[in-house]
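# Coordinate inspection notes
One letter stands for each residue in the lines below.
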2 protein chains.
Amino acid sequence: MIDPKVVALIAGFISIGFAIYLFTWVMKQSNESEAMAKFSKSIQEGAAAYLKRLFQALGGLAVVIAIIILIAINWQTAFAFIVGATLSALAGYTGMYVSTRANARVAFAARSGLKKAFPVAFYAGGVMGLLVVGIALVGMTVIYWIFKDPNIVLGFSFGASSLALLAKAGGGIYTKTADIGADLVGKVEFDLAEDDPRNPAVIADNVGDNVGDVAGMGADIFDSYVASVVAVMILGWELYGKSPNGEAFVLFPLLLCGVGIIASLIGMLFVRTGEGNDPGRALNTGTIVTTIIIAVVTAGVISLMNIDSANAWTGKWQGWGILLPTVAGLIAGIVIGFTSDAVTDIDQKSVQNTANAAKTGPAILILDGFSYGLLSIVPSIIGICAATIASYYLAQHFGLSGVYGVAIAAVGMLSITGMIVSSDAYGPIVDNAKGCAEAGGESEETIRVCDRLDAAGNTAKAITKGFAIGAAALTVLALFAAYAESVNIQILDLRNPGVIVGLFLGASMPPLFSAMLILSVGRNAFKMVEEIRRQFREIPGVIEGTVPPDSKLCVDIATKGALKELILPGLLSFLAPLAVGFLFGKNALGGFLAGSIVTGIIFALFMANAGGLWDNAKKYIEDGALGGPGSEAHKAAVVGDTVGDPFKDTAGPSLNTLITVMSLAATIFGPLVAKYALFPL
Amino acid sequence: MIDPKVVALIAGFISIGFAIYLFTWVMKQSNESEAMAKFSKSIQEGAAAYLKRLFQALGGLAVVIAIIILIAINWQTAFAFIVGATLSALAGYTGMYVSTRANARVAFAARSGLKKAFPVAFYAGGVMGLLVVGIALVGMTVIYWIFKDPNIVLGFSFGASSLALLAKAGGGIYTKTADIGADLVGKVEFDLAEDDPRNPAVIADNVGDNVGDVAGMGADIFDSYVASVVAVMILGWELYGKSPNGEAFVLFPLLLCGVGIIASLIGMLFVRTGEGNDPGRALNTGTIVTTIIIAVVTAGVISLMNIDSANAWTGKWQGWGILLPTVAGLIAGIVIGFTSDAVTDIDQKSVQNTANAAKTGPAILILDGFSYGLLSIVPSIIGICAATIASYYLAQHFGLSGVYGVAIAAVGMLSITGMIVSSDAYGPIVDNAKGCAEAGGESEETIRVCDRLDAAGNTAKAITKGFAIGAAALTVLALFAAYAESVNIQILDLRNPGVIVGLFLGASMPPLFSAMLILSVGRNAFKMVEEIRRQFREIPGVIEGTVPPDSKLCVDIATKGALKELILPGLLSFLAPLAVGFLFGKNALGGFLAGSIVTGIIFALFMANAGGLWDNAKKYIEDGALGGPGSEAHKAAVVGDTVGDPFKDTAGPSLNTLITVMSLAATIFGPLVAKYALFPL
C-alpha cells in the first residue's frame, strides 16, 4: 500500500507547482496603460508596506508566544507554532503579491472583452487558492512525518490560527477604515464616484481590499483548513492510535486533502466563460465539479486505506463510517454557502423590503436589515445541526466514534478549499481592476466589463463567507471534542454551575470581540474623515483634480490605526480562555468553549448576512429602484451600507477565527489547566 | 410555629389593601384643567380599548392551551393555568387603569411644584407595585394550599408567563409603532414638538406608554416573581419533600415574599422629596431601605422556620445556606440594576463618544451605540455568574443543594419587587403627565416640573430593566434545574450531539424572536407614517391646529397591528421547545433551554443598553452639545434613537419572558417529552 503521507506531499507540491505556473502566466499578461500601472503601483506599495509592518509586529508576538509554549509545553510544539505562523503569513502575503499585480492586467485585458479578462482574474485568484492548500498540506505532513505526533501538529495549527486572527482582524480594520472614510467624505459630502482619483483615501481603500479580503481571507482559510485536519488527527490518535492499522485514522485527512487538491485542479479547468455568459455561473460550475470528483475519489481512497475490513464487533464496513460523513460535510458546505448567498440576494424579498424602508429614512432600513440578518441565521444553523447529527450517527452506525465522524465532515467540507479560495480571491482582484480602470480613465465599455466581472465576485464572496462559517462550526465542534479528550473530560455536565458560568462567559466573548473591532473601525474612520476633509480644504487644487492628493497620509492612518487597534482584542482572545481555565478549571473552560462556539457562529452569520443585505439594498436602489442614485432613499441606503461594512468585512469574518484560536489554545494548554487551576468548579 | 402560608396570605392582603388605599387617595387628587382631562380621557379610552381586545384574543388562546394541558396533564394544572393568566392580566389592567387616571392629576399638581406632584405620581405607581406582588402572593399561596403540590403552582406560573409574554410583546409593538410613527413625521418632517396635539399619533403614543410600560411591565414582573417562587417550590419538593420538616423548603419563598412586601411598604415611606431635591434619589433611597430590611428580617424568619437545626451530616447551621444566597441575590440585583444605569448614563464616555460620532452622520453613531451595547453586557454577565457561583456554593457549603441556593437567590433578588415596580410604574405616569401638560397648554414652569419628574423616571426605568434581566437569569437557571429534575436528567452532557444541537437551536430562538418583533414594529410604523402624512395632506386645518386630527384612526392602526403581529412570534415561543422536545428528546430539550437562556440574557442586555445609550446620546445633544437641537448631529442622533426604540422597548424586554415561558413549557411537558420523543438523541 502507498503511504498516505507520500500522496499528501505529492499533491501538495503539485498544487504549489501549478500555483507558480499560474503566477508566471498572469505576470506575462500585458498592461500598456501607464495611468493604470501607476495606480496599481501605489496599491502594491501601500499593501506591501502594511503587511511588512503587520508581520514585523506579529513576528515579535509570535516569538513571545513561542517562548511561553517552549517553557510550558515543549520545544517541538513551539517550533511547529513558528512554522505554522510563518507559512500562514506566507500564503497570505503571496496571494496579496499576485492580486495587487493582477488588477491592472485584468483591467487592460477588459479592453478586449470579458472572455479575455476573466481568466486573468480567475487564475490570479487561483495562485492564492492553490498556494493556501499546497503550503498547508505540505507543512502539516512534514511536521507529522518528523515528530510522529498529532499534538505537535496542533502547535502548527495554533500558529497558523493566531496569525490568521490578527491578519484578518487587522486587515478588516484597515479596509473598512479606508472604505468608510472615503465614502463618507467623497460620496456623501462631495458627490465623487467610488474610485475617483481626487479622493485622497482611494488608494488606501484599494489597498484595504487586498490586505483585508486577499491576505486576511487567505490566512483565515489556511487556518480553518489546518485546524479541521488537526482535529481529526488528534481524535484518530486518541481513539484509535493503539488499534492495529490505527494510523490510518490519523492519516486519512491528509489523504482527503490531497484528493481535494487534485479535484480542485480539475474543477478549475471547468471554469470558463464566453462573452455573453455570466462569470458567476462559471465559478459555481467549478465548485460543483470539484465536489463531485472528491466524493467519488474518496470512496476509492478509503478502500485503499485498509479501513475497509468489516468491523469485528458490528460486522459492518467501517469505510462507510468515513465516506458518508465526508459526503455529509461536502453537501452541507455547498448548501450553507448557497443559502447565505440566497438570503442576501438582490432579488430576495428581504433585500427589497429593506430597500423599501429607505422611503422613511435610514432608521427603519437599519432595523429591517438588522432583523433579516438575525432571521437569516436559522437556515444555516439548521444546516450545521443536520450535518453534525448526520455525521455523528453515520460514523457511529458503522462502528466508529461519533465525534470522529463530525471531525471528518469538517475536513470533507474543507476539502474543496482550493477551488473556493480561488473563486474568492477573484473578488477583490476584479474589484481593484475596476478601480484601475476608473483611475486610468478607461472607456465606458471597459468599465462595464469590469463591472460584470465584479458582480460575479460579490456572489463568490457571499458563498465563501457562508462556507467558511459552516466549516468553522464543524471544525470547532471537532476541536471541542479534541479538547475534551486532551483533558480527559468524559462528561461535561450542564448541571455543573462551573460549566454554566463558563458557558455564559464564553458566549460573551464573540460579542465583546466584535464590539472592540467595530469601535476600532469607527475611531479610525473618524480620523480618516478628518484627514480627507483637511486635504480638500487646505491643499488647493485637490478637489479640482489639478493637484494629486496626498494618498500616503491616508494609507498611513489606516496602517497605524489597524496595528494599534489590534492589540486589545488580540490579547483578549489569547488570555480569556486561559484566564477562565486557570481560574475555574477544565470544566468551566469546556463550557467557555461551547458558549463561544454558539454565539460565535450566530454572530458571524448575522453580521455577514446583515452586511450583505444592506449592501445589496443599496445596489437595488442604485439600479434605479425608489428614485435611484442621489434620491433620499439612496442616502438612507448608504447609511445602511456603511453600518454593514464593518459587520461583514471586519467583525463577522474574524469570529470564526476567534473561536478556532480559543479552541486551539484551550486544547494546547488544557493539560496544564487540568493540573494547576486555582478554584476548579 | 406560625404557618408560613398564613403569613404569606396576610402580607398579600395587606399589600392589596394598601394598594386600594393608595388608589382612592390618588383618585381624590384634583385636576381642574379641562384640556388636560380631555387629553387624559382619550388616553384612557385608547388604552382600555386596546387591552380589552388584547385580553379577548388572549382569553381565547388561554382556553385553547388550558384544554391542551387538561388533556395532556391534568385538570388541576389547567385550572391553575387559567387562574395565573387571569391574575397576571388583572395586575396589568389595574396598573394601567390607575396610571391613565393619574397622569392629568400629576400634571395639575405640578402647578403647585415638585413636592406636591411627586407623591401623586409615586403613589399611583405604588398601586401597581403593591397589586402585582399582593395578587401574585395570594394566588400562589391559595393554589398551593388547595392542591398541596408545587407542580400545580407551576401551571399557575405558566399561565402568568404566557399572558405576560404576549402582553409585553404586544404592548411593545404598540408603543413603538406609535412612537416611531409620531416622531418620523411629526419631529423630522414637520418640526413639531414631542407631544404636539396637532400630531394625529400623539394619543396613540401616550396610550402606548401605558399599555407597553405599565400593563406590559406589570404582567412581566408578575411572571418573573411567580416563576422564581415556583422554581424554589419545585426544587424544595423534589430535593427535600420527603425529609422531616421538608415542607419548610417548599414554603420558604412564600414567606420571603411576604417579608419583601412588608419591607417594600416601609421602604415606600422613605420615598420623599423636597422642592430642590432630585426625585431620582428619593426612589433609590426607597430601594436601598427595602433591601436592608429584607436582609435583616429574613435572618429572623429563617430561625423561626425550623431550618435552623445543625445538619446531622455536616454539623453546620443550614439556615446560613438559605440566608446567604438570599443576600447574594439581593446584592446582585442591586448591583446589576445600578450597573445598567451607569452604562447608559448621559455622563458616561460611551454616551458622549456615541454622540460625538453624530458629527459624521448616523452611520458611525449607530455602529458605536451597537458596539457599546455589546460591551455593556460584560459587567452584568459577570454579576450573574458571581451570584450563581456564590449562591450555589454557599448553599452547598451549609449542607444544602447548590441549585436550591441559586433558586433562592432569584427569589431574594425579586423580593424587593414591590418597591421596584412602584418606581418603575412611576416612569410612564410622569411621562404621560408631561404629555398632558403640553397638550393642556400649561405654563412653562409646570412643564419644567414635569420634565424633572420625567428625568427621574428614566433612571428608575434603566435600573428596573437591568434588575429584571438579572432576576430572570437566576430564575431561568433555577427553572432549568427544575426541568432537569422533572424529567430525571442527572447529567446533561455537552459531549452528546443531541445536547449540542439543542444548544444551537435554542440559542437561535432569542435572535429569531427579536427579529420578528422588530420587523413587526417596522411594518406597523410604516403604516402609521403613511396615515399621519395622509391626515396632514388631506384634512385641511390639521397642520394649522384649527381642526383636531383623527387620533382614533392612529390608535386603531397601532391596536390592530400589534394584535396581528403577535400571532407568529407567540406561536413560535410555545411550539419551538415542544417541537425540539418531541422530536429529539429530553436531552436535546435541555440543551435547547441552556442555549436560549444564554443568548436570551445576552440579547436582552445588549438591546436594553444599546437602546438606552442612543436615547441618552440624543438627549446629550438636545441638552446643547454638538450644536444642539436642529443641528445635523441632532438629526443623526434621532436616527440612532429610532433604531434603539424597538431594541429597548419591544424586543429586549420581551426576551426574559420568552426564556421563562420556554423553560416553564419544557418543565410542564417534560415528562411527556421523556416518554414520547420520536428520535431521542
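Position numbers for residues start from 1 in each chain and track the written sequence from start to end. Naming scheme: in the order in which they are written, chains are lettered from A and ligands are numbered from 1. With pLDDT at 70 or above as the cut-off, local features in this predicted model cover only qualifying residues; side-chain atom pairs require 80 or more to be listed or tallied, and sums for whole chains, interfaces and linings still use all residues.

### Focus: the overall build of chain A
Threshold: Numbering goes from the N terminus for both helices and strands, where a helix is a DSSP run of H or I of at least four residues and a strand is a run of E of at least two. Our radius of gyration looks at C-alpha atoms and nothing else; its globule reference is 2.2 Å times the residue count to the power 0.38. To sort residues by exposure, count the other C-beta atoms lying within 10 Å of each residue's C-beta; 20 or more gives buried, 12 or fewer gives exposed, and values between give partly exposed, all with C-beta atoms placed from the backbone. Contact definition: two residues whose C-beta atoms, as placed from backbone geometry, lie within 7 Å.
Along the backbone of chain A there are 18 helices and zero strands. Taken over the C-alpha trace, chain A has a radius of gyration of 24 Å; the compact-globule value for 681 residues is 26 Å, and the two agree within 12%. Expressed as lengths along the three principal axes of its C-alpha atoms, the size of chain A is roughly 80 × 55 × 45 Å. Every one of the 681 residues in chain A was classed for burial, and the buried ones make up 69%. Excluding contacts between residues fewer than 6 apart, the proportion of contacts in chain A whose partners are at least 24 apart in sequence is 86%.

### What to know about unusual backbone geometry
Excluding glycine, most residues fall at negative phi; most peptide bonds, likewise, are trans. One non-glycine residue with positive phi stands out, namely D191 of chain A, at about 60 degrees. Here D191 of chain A lies in the loop between α5 (150-190) and α6 (202-240). Taking the C-beta count within 10 Å as the criterion, D191 of chain A has 9 such neighbours and is therefore assigned exposed. One non-glycine residue, K148 of chain B, lies in positive phi territory at about 55 degrees. Counting through the fold element by element, K148 of chain B comes out in the loop between α4 (114-147) and α5 (150-190).

### Here's the deal with the interface of chain B and chain A
To be explicit about the condition: Note on residue classes: Ala, Val, Leu, Ile, Met, Phe, Trp, Tyr, Cys and Pro are nonpolar, Asp, Glu, Lys and Arg are charged, and everything else, Gly too, is polar.
The partner chain A presents 62 residues to the 62 residues of chain B that form the contact. Among the elements of the structure, α5, α11 (362-375), α12 (377-397), α15 (444-486), α16 (497-538), α17 (551-622) and α18 (632-676) of chain B are those that each provide at least two residues to the side of chain B that touches chain A. Class assignment for the residues of the side of chain B that touches chain A results in 47 nonpolar, twelve polar and three charged.

### Some thoughts on helix α10 (residues 349-357) of chain B
Counting buried positions over the nine residues of α10 of chain B gives seven, a clear majority of the element. Those residues of α10 of chain B that sit buried are S350, V351, N353, T354, A355, N356 and A357 of chain B.

### Considering the relation of the copies chain B and chain A
Spelled out, the test is: The atoms used to superpose the copies are C-alpha atoms, taken from residues with pLDDT of at least 70 in both, and the fit is least squares.
The transformation that overlays chain B on chain A combines an axial shift of 0.0 Å with a rotation of 180 degrees, and the residual RMSD is 0.0 Å. What the superposition gives is, in effect, a two-fold axis relating one chain to the other. If distances are taken from each C-alpha of chain B to the rotation axis, the shortest is found for D493 of chain B, at 2.3 Å. Take the interface residues of chain B: 100% of them recur as interface residues in chain A, which is what a same-surface contact looks like.

### A few points about the environment of A62 of chain B
Residues and elements named next belong to chain B. Secondary-structure assignment places A62 in helix α2 (residues 34-72). Judged by C-beta crowding, with 21 C-beta atoms within 10 Å, A62 ranks as buried. For the pair A62 and A85, spaced 23 residues apart in the sequence, the C-alpha separation amounts to 7.5 Å. Sequence-distant contacts of A62, defined by excluding residues within four places in its chain, comprise I82, A85 and G159.

### Remarks on the packing of helix α6 (residues 202-240) of chain B against α15 of chain B
When two helices pack together, their arrangement is given by the angle between their axes and by how far apart the axes lie. Residue and element names in this part refer to chain B. Inclusion rule: In this analysis, axes come from line fits to C-alpha atoms, helices being fitted only over the stretch in contact, and the angle between any two N-to-C directions falls in the range 0 to 180 degrees. Here a crossing is taken to be left-handed if its near helix is turned anticlockwise relative to the far helix by less than a right angle, and right-handed if that turn runs clockwise.
Taken N-terminus to C-terminus, the directions of α6 and α15 make an angle of 35 degrees; their axes are 9 Å apart at the nearest point. In terms of crossing hand, the pair formed by α6 and α15 is left-handed. Contact with α6, carried on its side by D220, I221, S224, A227, S228, A231, V232, I234, L235 and E238, involves A468, A471, A472, T475, A478, L479, A481, A482 and E485 of α15 and no other residues of that element. Looking at the contact of α6 with α15 residue by residue, the class counts come to 13 nonpolar, three polar and three charged.

### Some words on the environment of S224 of chain B
All names here are of chain B. Tracing the chain through its elements places S224 in helix α6. C-beta crowding within 10 Å serves as the criterion here: with 29 such atoms nearby, S224 is assigned to the buried category. A sequence separation of 190 residues divides S224 from L414, and the C-alpha atoms of the two residues are 8.0 Å apart. Setting aside residues no more than four positions away along its own chain, S224 makes contact with L414, A468, A471, A472, T475, N656 and T660.

### Some details on the nonpolar core
Spelled out, the test is: To count as a nonpolar core, a set of buried Ala, Val, Leu, Ile, Met, Phe, Trp, Tyr and Cys residues must be joined through C-beta atoms within 7 Å.
Counting residues in hydrophobic clusters, the biggest one holds 548 residues, and the most contacted among them are A121 and A478 of chain A together with A121 and A478 of chain B. Ignoring anything within four residues of it in the chain, the contact list for A121 of chain B reads A102, V106, Y426, I429, V430, A433 and L453 of chain B.

### Description of helix α14 (residues 417-439) of chain B
Residues and elements named next belong to chain B. Rules: The length a helix should cover is 1.5 Å for every residue beyond the first.
The end-to-end C-alpha distance of α14, which contains 23 residues, comes to 33 Å, matching closely the 33 Å that a straight helix rising 1.5 Å per residue would cover. The buried fraction of α14 is high, at 23 of 23 residues. Positioned one or two residues after α14, G441 has a phi angle of 65 degrees, which is positive.

### Considering the packing of α6 of chain B against α14 of chain B
All names here are of chain B. Here is the rule: For classification purposes, angles smaller than 35 degrees are called roughly parallel, those larger than 145 roughly antiparallel, those between 65 and 115 roughly perpendicular, and all remaining angles oblique.
One can describe the packing of α6 onto α14 by two numbers: an axis separation of 9 Å at closest approach and a directional angle of 175 degrees. Here α6 lies roughly antiparallel to α14, going by the angle between them. Of the residues in α14, those touching α6 at N206, D209, N210, D213, V214, M217, G218, I221 and Y225 are T417, V421, D424, A425, G427, P428, D431, N432 and G435.

### Observations regarding the confidence of the model for chain A
Put simply, the test is: For every residue, the predictor assigns a confidence score, pLDDT, that lies between 0 and 100.
Counting all residues, the mean pLDDT for chain A is 89, and 98% of those residues have values of 70 or more. Confidence estimates for the predicted assembly give a pTM of 0.94 and an ipTM of 0.93.

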